[in-house]
Amino acid sequence: RGVLTVAALGPDLKRASFSNFGSLVDFSAPGVDILSLRAMGTDMYNDGAHFVPPGDTGAKYYRSDGTSMACPFASGVSALLLGQYPSLSETTVRRALAASASETQTTDSYIGAGILDAEDALGAVEYVSDVNAGIFQPEDDSEPIATDQNLPIFGTADGDSYTLEVGEGYYPSVWSTISQGGSVTDGLLGQVDLSDKQGPYHVRLSVNDGTRTAIEHTVFWAEPDLHPGWPVRLGGNVFRLGGFILGASFNATPADADGDGSDEIFLCSIGHTFGLRGDGTILPGWPTVQLEYPAFASNASFPGPAVADVDNDGNTEILWTLRDYWPDYYGSPSTVWSFNAKSFDGSCLSGFPKQAIETPSNAHELPFVLADLDGNGTLEAVAAHTKGNTADYYRISAFDHSGVKLFTRDFADSTESVRLLSFGDIDADGQKEIVAVSKLGYASIRLHVLDGSGIEEAGYPVTLRNLYNEDISAPPFLVDLDRDGDLEVVIGTTGYQSYIHCYHHNGSSYPGFPIAIGNYDTQIFGYCLGDINGDGQPEIIVLANHRPVAGLYRVYVKSLNGTTLPGWPLDLQQWPNGTPAIVDVDNDGRQDVCFTAFDGSVYACSGDGELVPGFPKKMSFASTSGVSIGDIDGDGLFELIAATMVGTVYVWDLPTLAYRENSDWPMRSVNPRNTNVFEDRLLGRSDCDLTGDHTVDWADFSLFALSWLHTGDRLDTDFSRNGIVQFDDFTRCAKYWLEGKTP
């Protein structure tokens, strides 16, 4: 009580990008480029440009942005009311300000009743009441509400009578009455039927008190696509450093770890690693607990675990990287290990966990890559890491499935830092290699190619590009763009001008590259590939900001010749972070671009840049997780997975068949082995590869034919998951057999 919450507006009367929002906000006021007195000797922005007049170091006035600039308007108007009517209660002041507020231009979030209006507020005092009234549940729209239920509205209306109304959107133009009644104290005011609702809704309570009225508000978000049992709150901490929120990204790796036809979800945080079933319950033996309290925090997007049967025993293992710490570090009671590996039941693999070689080090920025280095059918785990508590990932180590270290290779220059670790046949010689893309100090980007023993191959490293005040943006990846059998390297750089680069394995530039992204000082946050216009060629999807406009972000889609696709770029008011996913979210036969934004929104945009109906989805807190795609319930349809920085994990149902060709980029590192090769999105047993040899041939077709004739013998031939093996399944298997490729 006694607190007024004020959102900040820009000159366009829309919410400023830095401003908070939600049901706790009472109203809004200007908060951008506000003239104020200047405290002597200060310059908040340290640029001299905000002095009035600009550049005058002796200036007495200053222009600045912030909710701190908006709040004084509320204080001033409140003082004006109390000066005119000294006996007003706090409740009456708040309601008079809200009742007289003018319309805001913001439609994508709730920022209170409207814009403060001093003159109208003085008049509103005559008709508002301070009667006890309020809505207690739902509190706000921070957590989406599943629509398989009615939503009870609880609160108090201690007047003569009340009316409860609901309207679609944050600022409805049309209201529908939910209920009416007499006095209610801490009880049920009414219920909202959610069966036909999706997105934001506004609830308004009007309480009549003689000739005066009290009006209270709340908002909620209805979500029909939430998967049963979700969201799941795993728990996590965040820190605030100035204006930055720091925590953990909880990046998800979906994989069928127990072979039952449905994916489990594995996630890493700073202190725990989780394994979850499709119904949201935690797997036996999980989570693993490394730290009671986080030993570090970030707003970066960190990788999820690697998942595969590494020892070829028919059981799946889960491996992940962190950073070494000692007992009681930052109040933690236990040691965190750089290299971790567990069985599906949560027990440690032999030889794991392991501390980094020689000295506690950092390995959390790049995941384990699972690769068959020696061709014996089992997988080795390869990781890049530092030596000591630094940020230079100049070491590469490999371990077998029993934890035996196979090698550690250091680059010659300890200022070199690996930004990509991958495994693929980069030179089309029939042997897959360990591929590393690194940044050498501030000088150059280099390509390393190592054999299965960690020895640099002849002709490497190759300098791909000399740097000029630039950095590598987000993880690069490998792809066979020209379909000649060898792999190209795709790299994003941020600098005075940001680019997407592409290089052949010999270091020469791929034709048509580099492709410029944005304008001067644009920063790239993530990028991937996917065919979103159905032309058979992948496009480049890039998440970035847009300079020089502060608080404006963009999603770019470029063809391989650098042309921007029609309808793009897409402008956003929130930071898009984490790797996007490419998947057909609405089952229209075309893949869409999915990504998370820092405000917790999950977007899906079609190939023409339009929002897919039903999006954005909403999460309860900031997110940098990116989006993952899997089939967590085994129904043959995809689900979409994302998480907040405080460990709340969301799963939404999609109507699209869980066929691999319906998702060109299903997770951060392309696949659960984290190989970072675009073509490896098909890695592992496909739905038509019944023999598990990574190709669809006569043997698979024969097995399918037997199953079709004897329905029930092989349930894995029901590709459409409709409970019966039928002609649709036959045509799918025949298609891949005749085309001679793995789906």
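Not measured: the values here are computed from a predicted model. (Residues numbered from 1 in each chain as written. Predicted model: local features only at pLDDT ≥ 70, side-chain atom pairs only at ≥ 80, totals over all residues. Heavy atoms only, no water.)

### Remarks on the confidence of the model for the protein chain
Phase 1: Of the residues in the protein chain, 90% have a pLDDT of 70 or more, and the chain-wide mean is 88.
Phase 2: Contacts for the low-pLDDT stretch residues 327–333, under 50 throughout, to residues beyond four places or in other chains number 13 contacts. (pLDDT = per-residue confidence, 0-100. Contact = heavy atoms within 4.5 Å.)

### Overview of the packing of helix α1 (residues 67–84) against helix α2 (residues 90–99)
Think of two packed helices as two axes; the pair is described by the angle between the axes and how far apart they sit.
Phase 1: Put simply, α1 and α2 touch, their axes get as near as 10 Å, and they point 120° apart. The pairing of α1 with α2 is recorded here as oblique in orientation. Classified by chirality, the crossing of α2 by α1 is right-handed. In contact with Val77, Ser78, Leu81 and Leu82 of α1, α2 contributes Val93, Ala96 and Leu97.
Phase 2: Of the residues in the contact of α1 with α2, the class split is 6 nonpolar, 1 polar and no charged. (Axes fitted to C-alpha atoms, helices over the stretch in contact; angles between N-to-C directions. Helix = DSSP H or I, 4+ residues; strand = E, 2+ residues; numbered from the N terminus. Parallel < 35°, antiparallel > 145°, perpendicular 65-115°, else oblique. Left-handed = near helix turned anticlockwise from the far one by under 90°. Nonpolar A, V, L, I, M, F, W, Y, C, P; charged D, E, K, R; others polar.)

### Here's the deal with α2
Phase 1: For α2, a buried count of 7 out of 10 residues is recorded, marking the element as mostly surrounded by other parts of the structure.
Phase 2: What α2 keeps buried is the set Thr91, Thr92, Val93, Arg94, Arg95, Ala96 and Leu97.
Phase 3: Here the buried face of α2 lies against β2 (27–30), α1, α3 (118–124), β6 (133–137) and β13 (212–223). (Buried < 20%, exposed > 50% of the residue type's maximum accessible area, 1.4 Å probe, protein only.)

### Re the pairing of strand β42 (residues 592–597)
Phase 1: Counting buried positions over the 6 residues of β42 gives 6, a clear majority of the element.
Phase 2: A two-sided burial pattern is seen for β42, the buried positions comprising Asp592, Cys594 and Thr596 on one face and Val593, Phe595 and Ala597 on the other.
Phase 3: Sheet topology note: the strand β41 (residues 576–583)/β42 ladder contains 5 bridges and is antiparallel. When the bridges of β42 are listed, Val583 appears paired with Asp592.
Phase 4: With 4 bridges joining them, β42 and strand β43 (residues 601–605) adopt antiparallel strand pairing. Looking at the pairing, Phe595 lines up with Tyr603 of β43.
Phase 5: Hairpin connection from β42 to β43: 3 residues lie between these consecutive antiparallel strands, with Gly600 at a positive phi of about 95°. (Pairing = 2+ DSSP bridges.)

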